[in-house]
Amino acid sequence: ATAINQLSGIQSMELFPNPANDNLTLNVNLQQTTDAVWKLVVHDVLGATIMTRDMHFNSGANSAELDVSGLSTGLYILSLENGTATATKRFVKMN
């Protein structure tokens, strides 16, 4: 389930490869540049915070690489938050 329509300014958000082994690529397409800091958060299925990172994006296509090699095999939820709303994507970590 994707909540992109709840987050104004994001046209699209995708994660690949999914399932991931060592690295996960986040692609975000923004309608406009914002000065807001975006918080990227990865939770496990129990809700525990596994990873956080502050991100800065420009208008148009943005890409970020995430090192997921240290994660255990399983399902994770990546959230992108700007202080007013959240977009989420699920991904699977494989070994």
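The preceding data block contains the structure.
What you see is a predicted model, and the numbers here were worked out from it, not measured in a lab.

K.L.:
Can you break down the pattern of salt bridges residue by residue, with the values?
P.N.:
According to the stated counting rule, one finds one salt bridge in the structure shown. Notably, a salt bridge pairs D54 with K39, separated by 3.5 Å at the nearest N-O pair. Taken together, the residues D54 in strand β4 (residues 49–55) and K39 in strand β3 (residues 38–44) connect sequence positions 15 residues apart.

K.L.:
How would you explain the environment of I77 if you had to name every residue and give the values?
P.N.:
Note that I77 resides in strand β6 (residues 74–81). Look at I77 and you get partly exposed, because its relative accessible area is 23%. It is 5.8 Å that separates the C-alpha atoms of I77 and K89, two residues lying twelve residues apart in sequence. Leave out the neighbours within four places in its chain, and I77 touches V41, V42, H43, D44, V45, T88, K89 and R90.

Definitions and limits used
- Residues numbered from 1 in each chain as written.
- Predicted model: local features only at pLDDT ≥ 70, side-chain atom pairs only at ≥ 80, totals over all residues.
- Heavy atoms only, no water.
- Salt bridge = Lys/Arg side-chain N within 4 Å of Asp/Glu carboxyl O.
- Helix = DSSP H or I, 4+ residues; strand = E, 2+ residues; numbered from the N terminus.
- Buried < 20%, exposed > 50% of the residue type's maximum accessible area, 1.4 Å probe, protein only.
- Contact = heavy atoms within 4.5 Å.

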